[in-house]
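Listed below are the residues making up each chain.
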Amino acid sequence: MRFLDGLRNASHRLLRAPGFSVATVGMLALGIGFSVAMYCTLNGVLLRGLPFPHSERLVVVGTNNAAQGIADAQFTVAEAEQLARGTAGFSSLAYYTWAGVTLFDGERAREITSRMIGAGYVLSYAEWQRLGGAADVIGRQLDLVDEDPLEVVGVLPPHLDLIANDTGVWRPLSPRQLPESGPQRDSRRMLLMFGRVAEGSSLAQANAALAATFDALHGRRSAGEAGWGASARPLLDALVGDVRGALWGAFALAFLVLLIAATNVAILFDERQVARRHEQAVMQAIGASQSRLRRALLIEIGLIASAAIGLGMLVALVAIGQLRELARDSVPRVDGIVMDWPMFGIAVLFGLAAPLVASLAGTLRVRSQPVEAIRSGGKGMVGQSRQRRLLPAIAMALSTVSLTAALTLVGALWRLQHVDPGYASSHVQAMQFFRGGREAFVPFTRQLLDRLAVLPGVRDVALTSAAPLSGIGSASVDIRVAGRAEDEAVQAGLRRVSAGYRALLEIPLLRGRDFDDGDRRDSASVALINQAVARSVFGDADPIGRRISLPLGRDERVECEIIGILADTRNEGLRAPPAPEILVPFAQHPINAMTFLVRGSGPLTGIDAQMAAQLQALDPRQSITRQFALSDAIAEELKPVSFFGRTVGAFAGVALLLAVLGVYAVASLQQRRRVAEFGLRLAIGATPRSLALSVLRDSVRTSVMGVAAGLLVILLVLRIVDMSALGIGGMAQPVGLGTGVLAMALAALFAALLPALRAARVAPMEALRNE
């Protein structure tokens, strides 16, 4: 009963102070909502385990070469088979590659992404649903274009799509793809690997075993000798990629919003306590104990927190929906970003953080001495304690950290958007597919290029085995210089292109000549290299006319004459430095991976449908893997950074708003409590201007302390935390830091200006009469 009375009395007190109640609930709700929404994102993407038994032991294995700056590359057939036979520290290791198969349903052709691994032919759950989801699918013969029909022996569970992406079928690797000898076995890196760390073995032990196996395989005499190595990392890390550090950083900024809100609430509670000293003194004088007064304050804080938690949950639900849509196609596992009961518990925990901060800040301390407070009536008491200067400074410091971090990220995003990829992407459309069968590919590509060249608005056409920024059709080969003994060959990306490829993408030709129609199957093999290859392989020597050996044939290496040097391009991504790359004529070394490029003088409206129609007219049984504009591929590259830029920007905006509200609240409350003082000073000759400057100076002094502390913190954070995966470099930091500090200074000045102007307008006689 006593509690219910206390609850009713506390409710009446809060209702009598609507400004205070709305401000505290609103600020806390914003902090709770944003922090909970970001925690849901963090939990759905990073913290929640994968839906596999003992998923913490699942790993992805890749090769690396520190001397060449290569990380997480693929395996050769020889390396993969050796590791899969049995490697200490792993209970199993498996290798695979992927390609496309074309399924014909009697009316139209449709390409299915295929992973080549192990024995058997298995459908993904999604592909089973596309085929109707029939229970009798086992044993069904699938009609593949230009391949023998294959029998379905199983359907995989739906959660496997998490690691298989859009893979539709899993089929066995053929002996043709796993040669027993020759350059394709020892030199071409084409296989991916995953595995499971053995029970009782750590990831470090497993990686040590991998290193030992690679040393033995490559004949190295001492451990750690330069060259190719292998390492495993958790599957979850491979899935989330670069976003792990960025997600934690975004959550930290969201949590800063909550801390700023909690600090402001502590300020408001503390100021309210000072304003209620007379009321509390009277209550003590008529018999109320300090413990009862504290209990009443706790009930008020609980009511504020409860209302803020409820409103904060609504804010979180809206924010989660926005975050999920914003993160789609740029952050993995977005479907796991949900609000569930554990997240509600997190919201309650965050909601109780404000009362904790308030109590630690001294809100629960009953300051009044009854006789003194009653005698003064509670008026004229100026609160200038160190604590009341410290709390607003803390809020300003936290806001400075949030805002400058956001501006640094936005600056990095702007810089990435202006990175020159080394090729022209405007008005370029790509059409990718794998050509089935064993027919001669060159006549087919020539016919299709001729058809595409006459489409309305098309200026240039070209062919490549892999488009820029696309992993489809990409390959990596080792380069050996004819007549030169080398311990470790340089690895480079390989593209097979038509004669018009370089001109269409406007890649500068620095020296030598381009490919032309004379570079055919019956002519001498030639190659173009980029500057990165020229530097790493030939140094200062002239590479034009030199011959290099490449693993282009199945059973032997092919010597190619270098006829030209191209400028570097960023085909591996805008955030990565230009990598070594070699181009060879498609007509001399054809392959089933084909990407047809068309470029117009302006926008090509409906060009994707027109290109598809020309392909279908040439071969109705040929399907398309993917169609896209090259400029869209660049935009896709920027999506993760754009997501974090917008998210962090929103958090920083709220943090700045809360900081401004905190500065304004403190300055306004201080001005109101000092009305009598101002009236007396005006009566004895002080000018309104001097009073305004005094109030403004006090507020600005506190804000400067907070901004300076925040600047020191963010400098330390930027020094410790490596955000290079998102393209954040040193060039963006001075601009972001300077802009953030300037914005905080202007915001603090604006927040303190209105209370200062009110102080200048105090009427002396009225102020003294009220006192």
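About the thresholds
- Residues numbered from 1 in each chain as written.
- Predicted model: local features only at pLDDT ≥ 70, side-chain atom pairs only at ≥ 80, totals over all residues.
- Heavy atoms only, no water.
- Salt bridge = Lys/Arg side-chain N within 4 Å of Asp/Glu carboxyl O.
- Helix = DSSP H or I, 4+ residues; strand = E, 2+ residues; numbered from the N terminus.
- Buried < 20%, exposed > 50% of the residue type's maximum accessible area, 1.4 Å probe, protein only.
- 1 Å grid on protein atoms, 1.4 Å probe; cavity = no way out; pocket = protein on both sides within 12 Å on 5 of 7 lines; lining within 4 Å.
- Points joined across faces, edges and corners; volume = space filled by probe spheres on them.
- Nonpolar A, V, L, I, M, F, W, Y, C, P; charged D, E, K, R; others polar.
- Patch = residues over 30% accessible without salt bridge, like charges linked within 9 Å, V, L, I, M, F, W, Y side chains within 5 Å.
- Areas by Shrake-Rupley, 256 points an atom, 1.4 Å probe, with all protein chains shown as cover.
- Axes fitted to C-alpha atoms, helices over the stretch in contact; angles between N-to-C directions.
- Parallel < 35°, antiparallel > 145°, perpendicular 65-115°, else oblique.
- Left-handed = near helix turned anticlockwise from the far one by under 90°.
- Contact = heavy atoms within 4.5 Å.
- Core = buried A, V, L, I, M, F, W, Y, C linked by side-chain atoms within 4.5 Å.
- Expected span 1.5 Å × (residues − 1).
- Phe/Tyr/Trp six-rings, centres within 6.5 Å; stacked < 30°, edge-to-face > 60°.
- Pairing = 2+ DSSP bridges.

Asker: I'd love a proper account of the pattern of salt bridges, names of residues and values included.
Answerer: Summed over all chains, the structure comprises 18 salt bridges. For Asp-619, the salt bridge identified is with Arg-435, shortest N-O distance 2.6 Å. Placement of Asp-619 in the loop between α18 (607-618) and β22 (626-629) and of Arg-435 in the loop between β12 (428-434) and α15 (441-453) is noted, with a sequence separation of 184 residues between them. Across the pair Arg-535 and Asp-568 runs a salt bridge, and its minimum N-O distance is 3.1 Å. Taken together, the residues span a long stretch of sequence, with Arg-535 in helix α17 (residues 531-538) and Asp-568 in the loop between β19 (558-566) and β20 (581-585) at a distance of 33 residues. Asp-568 gets classed as buried once you look at its relative accessible area, which sits at 15%.

Asker: Tell me about empty space enclosed by the protein, and please be specific about residues and values.
Answerer: Rolled over the atoms, a probe with the dimensions of a water molecule shows which regions are left empty. Inspection of the entire model under this criterion finds 4 cavities of 30 Å³ or more. Counted as a void, the second largest cavity has a volume near 50 Å³. Looking at the second largest cavity, the residues that line it are Tyr-501, Ile-507, Asn-530, Leu-566, Ala-567, Thr-569, Asn-571, Glu-581 and Leu-583. For the lining of the second largest cavity, a count of residues per class yields 5 nonpolar, 3 polar and 1 charged.

Asker: Pulling in residues and values, what's your account of a nonpolar patch on the surface?
Answerer: A cluster of nonpolar residues, Leu-311, Leu-314 and Leu-317, forms a patch on the protein surface that exposes about 280 Å² of accessible area. Along the chain, Leu-311 falls in helix α11 (residues 290-327). According to the relative accessible area criterion, Leu-311 is partly exposed, its value standing at 37%.

Asker: Any chance you could break down the packing of α15 against α18 for me, citing the residues and the numbers?
Answerer: Where α15 meets α18, the closest approach of the two axes is 10 Å, and the angle between their N-to-C directions is 140°. On the basis of the axis angle, α15 is oblique to α18. Relative to α18, the crossing made by α15 is right-handed. Judged by residue contacts, Phe-444, Gln-447, Leu-448, Arg-451 and Leu-452 of α15 engage Met-611, Gln-614, Leu-615, Ala-617 and Leu-618 from α18.

Asker: Requested: an account of the nonpolar core, with residues and values cited.
Answerer: Ranked by size, the top nonpolar core spans 107 residues in total, and within it Val-45, Leu-247, Tyr-501, Leu-505 and Phe-644 carry the most contacts. Of the residues forming this core, the biggest block, 17 residues, is contributed by helix α19 (residues 630-673). Excluding its chain neighbours within four sequence positions, the residues that come into contact with Tyr-501 are Ala-462, Leu-463, Thr-464, Ala-466, Pro-468, Arg-495, Ile-507, Leu-583 and Leu-597.

Asker: Requested: an account of helix α2 (residues 18-47), with residues and values cited.
Answerer: Here α2 contains 30 residues, and its C-alpha end-to-end distance of 40 Å stays within 8% of the 44 Å for a straight helix at 1.5 Å per residue. In terms of burial, α2 is a largely internal element, 23 of the 30 residues being buried.

Asker: Describe the packing of aromatic side chains, and please don't skip the residues or the numbers.
Answerer: Counted by the stated rule, this structure contains 8 aromatic pairs. The interplanar angle of 80° and the centroid separation of 6.3 Å between the aromatic rings of Trp-248 and Phe-251 together place this pair among those described as edge-to-face. Of this pair, Trp-248 and Phe-251 both sit in helix α9 (residues 243-275), 3 residues apart, roughly one helical turn. Ring pairing ties together the aromatic residues Tyr-39, Trp-248, Phe-251 and Phe-255, which thus form one cluster.

Asker: Lay out the environment of Ser-631 in plain terms, naming residues and giving numbers.
Answerer: Take Ser-631: it is sitting in helix α19. The class for Ser-631 is partly exposed, based on a relative accessible area of 35%. Along the chain, Ser-631 and Val-428 lie 203 residues apart, while their C-alpha atoms are 7.4 Å from each other.

Asker: Now, about the pairing of strand β17 (residues 526-530): what can you tell me, with residues and values included?
Answerer: Judged by how many residues are buried, β17 sits mostly within the fold: 5 of 5 residues are covered. Taking every second residue as pointing to the same face, both faces of β17 are buried, with Val-526, Leu-528 and Asn-530 on one and Ala-527 and Ile-529 on the other. As paired strands, β17 and β19 are joined by 5 bridges and run parallel to one another. Across the sheet, Asn-530 pairs through a bridge with Leu-566, a residue of β19. Across 2 bridges, the pairing between β17 and β20 is antiparallel. Paired with Leu-528 across the strands is Leu-583, a residue of β20.

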